[in-house]
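# Fold and contact review
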Protein chains: 2
Amino acid sequence: MDKITIQKELTDMLGKDALLSEELDLMYYSYDSSFFTKLQPASPYAVVFPKSTEDVQKIMQFAYQNDVNVIPRGAGTAETGGSIALEGGIVMDLSKWDEILEVDAKNMQTIIRPGVVHAKLNEELAKFNLFFPPDPGSSQMCTVGGMVANNASGLRAVKYGTTEQYVLGLEVVMPNGDIIITGGMKSRAIKNVSGLNLTKLMVGSEGILGVITRIRLRCFPKPRARGIAMAVYDKLDDAPATVLDVYQAGILPSGIEILDNSAIKAVNEFKPHINLPDAEAILLFEVDGNPAGVEFDGNLIKELAGKRARSVEWSTDQQRMTALWEGRAVTATAAARVRKDGTRVFAGEDISIPISRVTEVLRRIKELGAKYNIPIVNYGHIGDGNVHSAPVINPEIPEEVERALKLIDEIHLLAIELEGTTTGEHGVGAVRRRYASLEHGTALDYMRKTKEAFDPKGIMNPGKLI
Amino acid sequence: MDKITIQKELTDMLGKDALLSEELDLMYYSYDSSFFTKLQPASPYAVVFPKSTEDVQKIMQFAYQNDVNVIPRGAGTAETGGSIALEGGIVMDLSKWDEILEVDAKNMQTIIRPGVVHAKLNEELAKFNLFFPPDPGSSQMCTVGGMVANNASGLRAVKYGTTEQYVLGLEVVMPNGDIIITGGMKSRAIKNVSGLNLTKLMVGSEGILGVITRIRLRCFPKPRARGIAMAVYDKLDDAPATVLDVYQAGILPSGIEILDNSAIKAVNEFKPHINLPDAEAILLFEVDGNPAGVEFDGNLIKELAGKRARSVEWSTDQQRMTALWEGRAVTATAAARVRKDGTRVFAGEDISIPISRVTEVLRRIKELGAKYNIPIVNYGHIGDGNVHSAPVINPEIPEEVERALKLIDEIHLLAIELEGTTTGEHGVGAVRRRYASLEHGTALDYMRKTKEAFDPKGIMNPGKLI
């Protein structure tokens with residue numbers, strides 16, 4: 001079916017206001033935050049804004065009958081090209097469908113539509129002394145639907161795990177228009193082992209199996225207190241050693257972040273007032289819980305880190321905590337400014353490797369930067385081995401883009417070589433798909449079998465994940 | 001292929017010592033702990049004891065080529081008939097394949113074979129100050145492979161979640177003999193969002209998709225301290241109200257258990273020295289963490305519970321904790337003794353309902369017991385709404401068995417009616433399969449599609465789960 005007919009049929013179905021079809025509007029949907037889609041944007045045939053399960057069902061039935069691709073999209077904050085219509089099709093923008101249907105505080109759960117923004121959900125939950133623990137850096141923008149589709153997380157994954165841990169059930173419209181409810185049709189149970197776990201299969205499936213239209217999430221009691229420790233290291237190797245010491249002492253911090261020398265420099269150049277000490281690495285520990293427990297853990301971390309670090313500071317004072325954390329808070333932005341003529345590209349940016357290989361991976365990435373003559377800023381969630389690398393290039397220079405692409409490929413391959421993965425939290429999308437066979441081998445065949453069983457026509461977000 | 005030929009072929013393949021084929025031996029594998037298989041035992045054609053992935057592969061290839069069913073089995077502690085050869089076939093007993101291949105303490109994980117017993121794994125991990133948090137009541141007997149296949153949990157699920165949360169990757173032999181590795185072929189990453197999440201699909205799949213031959217598990221730092229609070233209630237309704245007060249105060253206990261009046265009586269009759277106070281309900285809170293944090297939470301729980309309870313006691317003294325917990329520790333055994341001529345049957349024993357419906361469900365189960373004239377003892381994990389009901393009957397009286405079956409059916413239907421599920425932790429197996437359509441509706445079709453995609457011949461553990 002041609003583009004004009006698709007636009008016309010969708011307009012007839014949904015009304016003019018629930019649709020975008022102007023070229024300029026479509027161009028806005030031709031990329032996300034990934035380097036890949038900056039290089040190769042791809043406009044959809046149309047963008048639709050469904051606001052009911054029935055709308056989604058009608059669109060899917062139409063797409064299924066006419067073999068038209070459908071690409072679900074949240075806020076488009078992803079770095080993987082996951083929500084781009086690479087092979088043409090209808091983009092289903094769910095970001096405006098943002099009702100919090102219910103906070104069922106008595107049963108420690110909430111039921112929402114996919115477009116709810118992460119920060120807004122936690123604002124609402126806070127009124128009930130509850131929270132949804134995963135905490136992506138894009139909290140102010142990203143939708144929870146997008147988080148579920150990508151199994152997103154953030155710096156607190158080390159203690160609280162990833163999004164999947166909190167998803168109790170989903171309503172999903174399948175490629176042929178079937179509506180299914182996972183986790184029990186009418187269930188509000190927190191614990192449930194009935195049936196194959198389609199809920200967890202859907203989490204992280206990046207829109208290739210169906211469209212998520214309702215989400216039932218478990219919530220946790222909001223901890224009463226938190227504290228921050230900052231440890232400064234002359235030797236990079238001492239940083240992961242402290243992380244292990246802390247675990248050995250029975251402490252599970254809510255976050256353990258690292259800034260290596262490249263990140264420290266980037267922060268100090270960007271915001272001189274922060275004035276991070278010149279060092280090979282800085283570790284930041286966040287601890288949460290009750291006030292007495294936080295104080296105990298913090299003092300123990302101070303003692304343990306003190307054995308290896310040049311200096312350690314521990315604080316539970318709100319203002320001081322913000323100051324200690326400021327360097328980490330601005331790192332992503334600072335990374336983008338290390339070259340006047342350059343910009344940070346999101347690619348190879350969230351590899352995840354075993355904690356014991358963190359030092360090695362940081363050294364090897366530094367070497368790769370030198371080899372390709374591209375500055376790279378490194379930081380990330382050392383507590384679970386999830387490293388953020390920020391290559392900074394001038395994307396106007398084709399030769400530099402070429403070099404960057406080779407560098408990025410080597411970073412991905414390095415992650416696999418060091419018993420890690422190409423993506424710890426951002427997802428596969430279009431950009432890590434080429435590594436799927438290397439990472440998964442024969443298991444990839446069974447991912448494809450699952451895809452074929454759910455989407456025999458291959459219309460759901462083609463060209464992604466597997 | 002007939003039974004004798006199957007036995008002969010397997011003997012040729014594996015040697016005589018890796019096989020059982022005598023009727024008496026096979027009878028031992030005709031039941032598990034479920035009431036259902038006591039009533040309808042079913043012997044397999046043969047029992048094999050593979051001790052390598054290659055053995056499992058050879059067996060699966062043979063079974064696939066000859067359309068013979070294969071039923072994987074751990075220690076057989078399940079209450080659902082999940083490991084019984086209901087439609088004939090080969091039982092694959094994995095309980096003797098129990099190597100702990102590696103404790104990779106630096107990377108907070110362990111790699112094991114499926115037959116490792118839960119308690120033994122935690123003994124080994126304790127040497128490294130680590131632990132695997134899920135804690136089934138059958139810890140001393142059950143295998144971790146069985147836990148993964150059933151997504152088992154226990155009383156600490158309220159804080160630590162279920163088995164699935166800790167499974168980082170699996171080696172699985174598929175029905176046709178394919179060997180797949182989920183979670184990344186060579187990965188030791190803790191965080192990984194690459195590919196469809198086959199790991200979590202396999203967890204809880206009860207052996208209907210493949211045979212789990214290796215398990216990579218995340219471990220947590222072992223907490224330094226714990227404490228126990230016991231609160232005694234004159235009114236049943238006040239117990240769940242306290243649970244909510246505790247959550248509201250930002251506390252996530254590692255366990256919150258309830259004994260209702262039936263359980264209190266059963267315990268006191270079984271072990272008079274425990275001498276639990278006569279009351280409508282007793283709550284037990286377990287808190288873990290660092291010593292200061294535990295003390296803080298414990299005192300707060302004492303204060304909060306004190307507003308509604310007749311009495312509250314809080315202790316961190318090892319001996320006193322054991323005494324406070326003793327009533328809960330013996331409840332399962334005590335339940336089995338409430339009638340001299342009766343025995344506890346495992347059926348309808350682990351429904352899970354929203355916390356807000358716990359009082360209602362306990363009252364309704366009591367009414368059902370009266371209606372069918374069958375004593376029922378109730379206890380369980382109130383923190384996540386997972387209730388254990390123990391009907392006690394004389395299984396020698398056919399008419400009583402009939403009544404019990406009706407009662408059990410009503411308990412399952414009650415769980416669904418009250419927005420819960422028929423099984424919070426023990427699994428579906430053969431016994432809850434009849435409720436799958438009622439619980440899952442159209443989602444069941446997609447569970448079946450998944451099954452067909454992975455096991456087109458339907459040889460893996462037929463008659464279970466879906």
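Everything that follows concerns the structure shown earlier in this document.
Overview of the structure. (Residues numbered from 1 in each chain as written. Chains lettered and ligands numbered in written order. Predicted model: local features only at pLDDT ≥ 70, side-chain atom pairs only at ≥ 80, totals over all residues. Heavy atoms only, no water.)

Each helix and strand counted, chain A has 16 helices and 18 strands in total. On C-alpha atoms alone, chain A measures out to a radius of gyration of 23 Å, which is about the 23 Å that the 2.2 N^0.38 rule sets for 466 residues. Out of the 466 residues belonging to chain A, those deemed buried represent 64%. Within chain A, contacts between residues separated by at least 24 positions form 72% of all contacts whose residues are at least 6 apart in sequence. Total accessible area on chain A stands at roughly 16,300 Å², and carbon and sulfur atoms take up 48% of it. Charge separation in chain A, taken as the distance between the mean sites of 52 positive and 61 negative side-chain charges, equals 3 Å. (Helix = DSSP H or I, 4+ residues; strand = E, 2+ residues; numbered from the N terminus. Rg over C-alpha atoms; globule rule 2.2 N^0.38 Å. Buried < 20%, exposed > 50% of the residue type's maximum accessible area, 1.4 Å probe, protein only. Contact = heavy atoms within 4.5 Å. Areas by Shrake-Rupley, 256 points an atom, 1.4 Å probe, with all protein chains shown as cover. Lys, Arg positive; Asp, Glu negative; His and termini not counted. Charge placed at Lys NZ, Arg CZ, Asp CG, Glu CD.)

In this section: helix H13 (residues 358–372) of chain A. Compared with an ideal rise of 1.5 Å per residue, which puts 15 residues at 21 Å, H13 of chain A spans 21 Å between its outermost C-alpha atoms and is within 8% of the ideal. Those residues of H13 of chain A that sit buried are Val-358, Thr-359, Val-361, Leu-362, Ile-365, Leu-368, Gly-369 and Tyr-372 of chain A. (Expected span 1.5 Å × (residues − 1).)

Turning our attention to the sheet that holds strand E10 (residues 211–218) of chain B. All names here are of chain B. Here we have 5 strands laid out as an open sheet, ordered E5-E6-E10-E8-E9, and antiparallel in their pairing. Each edge of the open sheet is held by one strand with a lone partner, namely strand E5 (100–104) and strand E9 (179–181). Ignoring strand direction, the axes of neighbouring strands in this sheet form an average angle of 10 degrees. Relative to strand E6 (residues 109–112), E5 is paired through 4 bridges, and the arrangement is antiparallel. Looking at the pairing, Val-103 lines up with Thr-110 of E6. In the packing of helix H4 (residues 53–65) onto the sheet, contacts are made with strand E8 (167–173), E9 and E10, and the angle to E8 comes to roughly 50 degrees. (Pairing = 2+ DSSP bridges. Axes fitted to C-alpha atoms, helices over the stretch in contact; angles between N-to-C directions.)

Attention now moves to the pairing of E6 of chain B. Residues and elements named next belong to chain B. Burial along E6 is two-sided: Gln-109 and Ile-111 facing one way and Thr-110 and Ile-112 facing the other are all buried. Counting the residues that bridge the hairpin from E5 to E6 gives 4 residues, and of these Met-108 lies at a positive phi of roughly 55 degrees. With 4 bridges connecting them, E6 and E10 associate as antiparallel partners. Paired with Thr-110 across the bridge in E10 is Leu-217.

With that settled, the discussion passes to the sheet that holds strand E2 (residues 46–48) of chain B. All names here are of chain B. Strand order in the open sheet formed by 4 strands is E1-E2-E4-E3, with mixed pairing between adjacent strands. If you trace the sheet from one side to the other, it starts and ends with strand E1 (19–20) and strand E3 (70–73), each paired once. Packed onto the sheet, helix H1 (residues 3–14) meets E1, E2 and strand E4 (90–93) and runs at close to 15 degrees relative to E2. Running over the sheet, H4 touches E2, E3 and E4 and is turned about 170 degrees from E4.

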